[in-house]
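Chain by chain, the residues run as shown.
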Amino acid sequence: MNQSLVIALDFSSKQEVEQFLQPFEGESLFLKVGMELFYKEGPAILAYLNEHNHRIFLDLKLHDIPNTVKQGMKSLANYGVDMVNVHAAGGTRMMEAAVEGLIAGTQAGKQRPLCIAVTQLTSTSQGMMERELLIKESLNDVVLHYAKQADESGLDGVVCSSLEVPLLRAHLRPSFLTVTPGIRMAEDSVDDQVRIVTPQQARENGSSAIVVGRSITKAKNPVLAYQKMKQQWEGVTV
Ligand SMILES: O=C(O)c1cc(=O)[nH]c(=O)n1[C@@H]1O[C@H](COP(=O)(O)O)[C@@H](O)[C@H]1O
């Protein structure tokens, strides 16, 4: 998991995924399947990516009462994915239930998928959080609080902006995962993201993994965009 660059497959069909992956032929990638693709193609898309030896982050962001999340995770555990996620806002009992469901659904002798919690979405600003969510604390404090609760609930890490990673590193165990979307090259358009950093900043901040969507998937040459991102992320000078 550490040092991974996860590509967000935010496509609406398997056909688009095949087209995107074609120039990466033979390479084993870490890919994120989100709600757009999963709701359209169902579990078959996961089987397809597994057959091609890709690692999978199934990003469905579960957020419901504990029992529903537990049973949902029990079903997801069967799909051979490496990582799943929940919203930390569902609370500690819900997060514990997510892990219980994953353990219950994982076949004997196999490893359960990693489970991480979304703290505050990278599209959330301090102002939006205060006005719309009525949370008055600083974004940093909220992310740290949710991360501590995720850790205490038995989760493997969190999703946050890389901007918060130095703070989390100072307060949480070294193996606690910080998976960070909101990644842009300096020249890229920000789109709907708010708390963004470059791959270089993410490395310097100590992110465990970065998640990149449009900067790669919408690039004229996705393979080149991926390689540039990866080099900057890994600190390779060319
Ligand atoms: O859980 C996520 O993956 C996620 C959490 C978050 O706080 N922010 C966030 O952008 N994401 C996902 O990361 C990806 C970012 O995509 P781009 O903004 O296109 O790079 C999208 O698939 C989002 O669903």
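Above this note sits the structure.
Remember, it's a predicted structure, so these values are computed and weren't measured experimentally.

Enquirer: Could you give an account of the packing of aromatic side chains, naming the residues involved and the relevant values?
Expert: A full pass over the atoms with the stated rule returns four aromatic pairs. Consider the rings of phenylalanine 24 and tyrosine 226, whose centres lie 5.5 Å apart with planes at 80°: the pair is edge-to-face. Placement of phenylalanine 24 in the loop between helix 1 (14–21) and strand 2 (30–33) and of tyrosine 226 in helix 11 (residues 222–234) is noted, with a sequence separation of 202 residues between them. Taken together, the aromatic side chains of Phe11, Phe20, Phe24 and Tyr226 make up a single cluster linked through ring pairs.

Enquirer: Can you lay out the pairing of strand 4 (residues 83–87) for me, pointing to particular residues and giving the numbers?
Expert: The buried count for strand 4 comes to five of five residues, which makes it a mostly enclosed element. Residues Met83, Asn85 and His87 line one face of strand 4 and the alternating positions Val84 and Val86 line the opposite face, and both faces are buried. As paired strands, strand 3 (residues 55–62) and strand 4 are joined by three bridges and run parallel to one another. Across the sheet, residue phenylalanine 57 finds its bridge partner in strand 4, namely methionine 83. Chirality of the crossover, the property in question, places the unit of strand 3, helix 4 (residues 66–76) and strand 4 among those that are right-handed. Pairing geometry for strand 4 and strand 5 (residues 114–118), over five bridges, is parallel.

Enquirer: Requested: an account of the site of the ligand, with residues and values cited.
Expert: Around the ligand lies a shell of 17 residues, among which Asp10, Lys32, Thr122, Gly213 and Arg214 are the nearest. In this structure, an oxygen atom belonging to the ligand sits 3.3 Å away from a side-chain N or O atom of aspartate 59. Between arginine 214 and the ligand, the recorded distance is 2.7 Å, taken from a side-chain N or O atom to an oxygen atom. With the chains in place, 90% of the 500 Å² that the ligand exposes on its own is no longer accessible. In this structure, the ligand is accommodated by the largest pocket. Tallied by class, the residues present in the shell around the ligand amount to seven nonpolar, four polar and six charged.

Analysis parameters
- Residues numbered from 1 in each chain as written.
- Predicted model: local features only at pLDDT ≥ 70, side-chain atom pairs only at ≥ 80, totals over all residues.
- Heavy atoms only, no water.
- Phe/Tyr/Trp six-rings, centres within 6.5 Å; stacked < 30°, edge-to-face > 60°.
- Helix = DSSP H or I, 4+ residues; strand = E, 2+ residues; numbered from the N terminus.
- Buried < 20%, exposed > 50% of the residue type's maximum accessible area, 1.4 Å probe, protein only.
- Pairing = 2+ DSSP bridges.
- Right-handed = clockwise from strand over helix to strand, strands pointing away.
- Near = heavy atom within 4 Å.
- Polar contact = N/O pair within 3.5 Å; in protein donor to acceptor, adjacent residues only side chain to side chain.
- Areas by Shrake-Rupley, 256 points an atom, 1.4 Å probe, with all protein chains shown as cover.
- 1 Å grid on protein atoms, 1.4 Å probe; cavity = no way out; pocket = protein on both sides within 12 Å on 5 of 7 lines; lining within 4 Å.
- Sits in = over half its atoms within 2 Å of the grid points.
- Nonpolar A, V, L, I, M, F, W, Y, C, P; charged D, E, K, R; others polar.

Remember that the coordinates give geometry; whether it matters functionally is a separate question.
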